[in-house]
Amino acid sequence: MAGTSELAVDLADLAERDLLRQRRLVDGVQGPEVWLDGRRVLCLASNNYLGLAGDPEVVRESAAALAAGGASAGASPLISGHMTSHEELERELADWLGCEAALVFGSGYHANIGVLAALVRDGDAIFSDALNHASLIDGCRLAHARVEIFAHKDVADLARRLATTPARRRLIVTDSIFSMDGDAAPLEEIVALAERYDAWVMLDEAHATGVFGADGAGLASDRGVGSRVAIRMGTLGKALGSYGAFVAGSRALIELLVNRARSYVFSTALPPAVIGAAGAAVRIARTDSGRRERLWQNARRLHAGLVAGGLEAGELESPILPLILGEPRRALGVARRALAEGVFAPAIRPLTVPRGTARLRLTPIATHDEAQIDRAVEVLVRAAREEDA
Ligand SMILES: *Cc1c(COP(=O)(O)O)cnc(C)c1O
């Protein structure tokens, strides 16, 4: 085929720089354990924080929605794809977050690339945290506005930039929980700066939806600043165990996005089975606080065990535990040894994380039991020790 040899050169280049990545084959239902390349392993690698992906009620409601609504929404939302089930899910999400309205997007990636470009234009500015998710970075690239990257969680840097910008409309955008470190944005300070400098805040709650707040509505709700965040994005594919994402805010915001967010307008609406699963997951996430408590208990138990074993697990701010190991070779070695003993936790290397901070990214979920967490600790501590021997 034309170009094949050129592509082979590109691939060889990636391999040479230790950057070539390959997919692993996972089978069965996503849960505390999965089948990996044909072996049953303990999974500390998913974002299925509440264990809802395999929940019987979620699966049942998804199947019922599939039977009632068919396999596809058939078209984009502005043509004929916006079904009653989408409308009901949006109402439930808005109610959950205490907003006037919400809009369901095809995925978190869709939401982030669509929203930023829809809200700013020439003469405006976006202020984006240096460690924001790739989808926000791509959203900034698509927006016709000046983009200013402020240092990670550095509110002094953000304030300096806001004070001197000539931009008409100012949009501050940040993850609420950062995906590779599990640390939380300084939300109260950011919201206060936004008010002082007449800016809007867009908050990506991908790793906080269902996880933070008494009813799981996210970090902004938990910190009591929900009403001061103009644009709140959350995902349905992580703690909510389904697929898709949403943006919540004022009625005017949502109406504008319906008209202007290109990733919403020009993409087929989510299929009924996905909406059915998400609807059931939202109801469970809102009301079953025991599930959230088990998630946090598991995170605390895992963190305490790793620290007691002499490992560097950072501070516990969320259920994302970065086990910092330094050089990529060490992280890969520990991951390989852990997997040989049946514990699946991926090694994260530069360029995804800064040099010298290669790590295992560990994510316990609500449906792990204590014995599984204890086994993970034992295996990881031993793997690190043997790797260094
Ligand atoms: C996963 C993630 C997204 C993308 O969401 P998808 O629904 O998986 O496309 C966006 N932002 C953050 C911070 C994420 O972690």
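Residues numbered from 1 in each chain as written. Predicted model: local features only at pLDDT ≥ 70, side-chain atom pairs only at ≥ 80, totals over all residues. Heavy atoms only, no water.

1. Some words on the site of the ligand
Around the ligand, the surrounding shell holds 14 residues, and the nearest of these are G108, Y109, D204, H207 and K238. Here an oxygen atom of the ligand and a side-chain polar atom of H207 are 2.6 Å apart. A distance of 2.6 Å is found between an oxygen atom of the ligand and a side-chain nitrogen or oxygen belonging to K238. In isolation the ligand exposes 380 Å². Once the protein is present, 85% of that is buried. Its residues assigned to classes, the shell around the ligand comprises two nonpolar, nine polar and three charged. (Near = heavy atom within 4 Å. Polar contact = N/O pair within 3.5 Å; in protein donor to acceptor, adjacent residues only side chain to side chain. Areas by Shrake-Rupley, 256 points an atom, 1.4 Å probe, with all protein chains shown as cover. Nonpolar A, V, L, I, M, F, W, Y, C, P; charged D, E, K, R; others polar.)

2. Side note on the pattern of salt bridges
Applying the stated criterion across every chain yields a total of 26 salt bridges. Residues D138 and R141 are paired through a salt bridge, measuring 3.1 Å at the closest nitrogen-oxygen approach. With D138 and R141 both in helix 6 (residues 134-142) and three residues apart, the pair spans about one turn of that helix. The salt bridge involving D374 is made with R301; its shortest N-O contact spans 2.8 Å. (Salt bridge = Lys/Arg side-chain N within 4 Å of Asp/Glu carboxyl O. Helix = DSSP H or I, 4+ residues; strand = E, 2+ residues; numbered from the N terminus.)

3. Brief notes about the pairing of strand 5 (residues 125-129)
Across the five residues that make up strand 5, a large majority, five, are buried. In terms of handedness, the path from strand 5 via helix 6 over to strand 6 (residues 146-150) forms a crossover that is right-handed. Pairing between strand 5 and strand 7 (residues 170-175): four bridges, direction parallel. Bridge assignment links I126 to a residue of strand 7, and that residue is L171. (Buried < 20%, exposed > 50% of the residue type's maximum accessible area, 1.4 Å probe, protein only. Right-handed = clockwise from strand over helix to strand, strands pointing away. Pairing = 2+ DSSP bridges.)

4. Some details on a nonpolar patch on the surface
A cluster of nonpolar side chains, contributed by L11, L14 and L20, occupies part of the molecular surface with about 220 Å² of accessible area. Considering the arrangement of structural elements, one finds L20 in the loop between helix 1 (4-16) and strand 1 (26-27). (Patch = residues over 30% accessible without salt bridge, like charges linked within 9 Å, V, L, I, M, F, W, Y side chains within 5 Å.)

5. Overview of the domain arrangement of the protein
What the domain assignment lists for the protein is domain 1 (21-50 + 289-388) and domain 2 (56-287). Interface of domain 1 and domain 2: buried area, both sides summed, is about 1600 Å²; carbon and sulfur atoms make up 55% of it. Along the contact surface separating domain 1 from domain 2 lie one salt bridge. A salt bridge links D181 to R359, with the nearest nitrogen and oxygen atoms 2.8 Å apart. For the pair domain 1 and domain 2, the number of links is 13 residue pairs in polar contact (both at pLDDT 80 or more). Going through the elements one at a time, helix 13 (289-308) and strand 14 (358-362) are the ones with two or more residues in the side of domain 1 that touches domain 2. Among the elements that make up the side of domain 1 that touches domain 2, the one with the highest residue count is helix 13 (five residues). Of the residues that constitute the side of domain 1 that touches domain 2, the class distribution is nine nonpolar, five polar and five charged. (Domains from an automatic or database assignment. Buried area = accessible area lost by both parts, 1.4 Å probe.)

6. So, the sheet that holds strand 13 (residues 347-348)
Whether parallel or antiparallel, the strands of a sheet pair through hydrogen bonds between backbone atoms. One open sheet accounts for three strands, arranged 11-14-13; its pairing is antiparallel. If you trace the sheet from one side to the other, it starts and ends with strand 11 (321-326) and strand 13, each paired once. Where strand 11 meets strand 14, five bridges bridge the pair, whose relative direction is antiparallel. Bridge pairing in strand 14 links L323 to L360.

7. Observations regarding the pairing of strand 6
Pairing analysis gives five bridges linking strand 5 to strand 6, with the strands arranged parallel. Its bridge partner lying in strand 6, S128 is registered against I149.

8. Examining the environment of L351
Looking at where L351 falls in the secondary structure, it is placed in the loop between strand 13 and strand 14. Using a relative accessible area of 70% as the deciding quantity, one classes L351 as exposed. Spatially, the C-alpha atoms of L351 and A15 are 14 Å apart, while their sequence positions differ by 336 residues.

9. A few points about the sheet that holds strand 1
Ordered in space as 1-2-3-12, the four strands form an open sheet in which the pairing is mixed. The open sheet has two edge strands with one neighbour each: strand 1 and strand 12 (343-344). Note that strand 3 (residues 39-43) and strand 12 share two bridges and pair parallel. Counted as the bridge partner of C43 is F344 from strand 12.

10. Observations regarding helix 8 (residues 187-196)
If you check which residues of helix 8 are buried, you get L187, I190, V191, L193 and A194. Buried positions in helix 8, seen along its axis, are confined to an arc of 160° and lie on one side of it. Buried residues belonging to helix 8 abut helix 7 (155-164), strand 7, strand 8 (200-204) and helix 9 (219-222). Positioned one or two residues after helix 8, D198 has a phi angle of 55°, which is positive. (Arc of directions from axis to C-beta. Contact = heavy atoms within 4.5 Å.)

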